[in-house]
Amino acid sequence: MSTAHPIPTTLQIDSPLGPLRLFAADGAVCGIFLPNQSPTLIASAGPPDPVLQLAAGQLREYFAGHRREFSVPLRAAGTEFQHSVWRALLAIPHGETRSYGALALAIARPSASRAVGHANSKNPISILVPCHRVVGSTGALTGYAGGAAAKQWLLTHEATMAR
């Protein structure tokens, strides 16, 4: 993920979770927001970036149970620490979860569980960067910017697909 900040374009698609707002700029997805999330990006009025159709198609395949990994370019604005957390999220296999502590260990910051949780909450690319796969140390579902019901749906969907 690079950190450039071009002005994105947007596309809205329907999903089992409700309408998703996708944002992209310069050939990379820079935001995906669930229905109850307020987008942190402002889009231009220009024609949609072509990568949005690719991302929309891959998301539709995912929701239909036919895709476990995504292959669209990503570009999220964030700090170096946030990017390290988001890269660790991308390494969590489909259908699996990790605790905030395990994620902190994965980025070689074992005492940074709270900071990892904060970075996780700032992930602007829901689903493609799977912050929904992070749970509490007891396995309990903890905060999710898209809402607890959406997190549960995504985890159940992935567990069903993994079988």
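Residues numbered from 1 in each chain as written. Predicted model: local features only at pLDDT ≥ 70, side-chain atom pairs only at ≥ 80, totals over all residues. Heavy atoms only, no water.

Caption draft 1: Quick look at the pairing of strand β3 (residues 28-33). In terms of burial, β3 is a largely internal element, six of the six residues being buried. Two elements, strand β2 (residues 20-25) and β3, share five bridges in a ladder whose sense is antiparallel. Along β3, the bridge assignment pairs A25 with A28. The antiparallel hairpin formed by β2 and β3 contains two residues in its connecting segment, where D26 sits at a positive phi of about 50 degrees. (Buried < 20%, exposed > 50% of the residue type's maximum accessible area, 1.4 Å probe, protein only. Helix = DSSP H or I, 4+ residues; strand = E, 2+ residues; numbered from the N terminus. Pairing = 2+ DSSP bridges.)

Caption draft 2: The arrangement of unusual backbone geometry in detail. Despite not being glycine, D26 has its phi angle at roughly 50 degrees, a positive value. One can find D26 in the loop between β2 and β3. Assessed through its relative accessible area of 59%, D26 is described here as exposed. Despite not being glycine, A108 shows a phi value in the positive range, around 60 degrees. Assignment of secondary structure puts A108 in the loop between α3 (100-106) and α4 (113-121). Exposure remark for A108: the relative accessible area of 60% places this residue in the exposed category.

Caption draft 3: Spotlight on the pairing of strand β1 (residues 9-13). Every second residue of β1 is oriented toward a common face, the buried set being T9, L11 and I13 and the non-buried set T10 and Q12. In the sheet, β1 pairs with β2 via five bridges, with the strands oriented antiparallel. The partner of Q12 across the bridge, within β2, is R21. In this antiparallel pair of consecutive strands, β1 and β2, the connection spans six residues, and G18 shows a positive phi of 110 degrees.

Caption draft 4: How the structure looks around the pattern of salt bridges. One pass over the structure, following the stated rule, counts three salt bridges. Where R67 meets E61, a salt bridge forms, and the shortest distance between an N and an O atom there is 2.7 Å. In this structure, the salt-bridge partner of R98 is E96, at a minimum N-O distance of 3.0 Å. We classify E96 as partly exposed; its relative accessible area is 35%. (Salt bridge = Lys/Arg side-chain N within 4 Å of Asp/Glu carboxyl O.)

Caption draft 5: Looking closely at helix α2 (residues 80-90). Within α2, eight of the 11 residues are buried, leaving the element largely enclosed by the surrounding structure. Of the positions making up α2, those classed as buried are F81, Q82, H83, S84, V85, W86, A88 and L89. Close packing links the buried residues of α2 with α3, α4 and β5 (134-135). (Contact = heavy atoms within 4.5 Å.)

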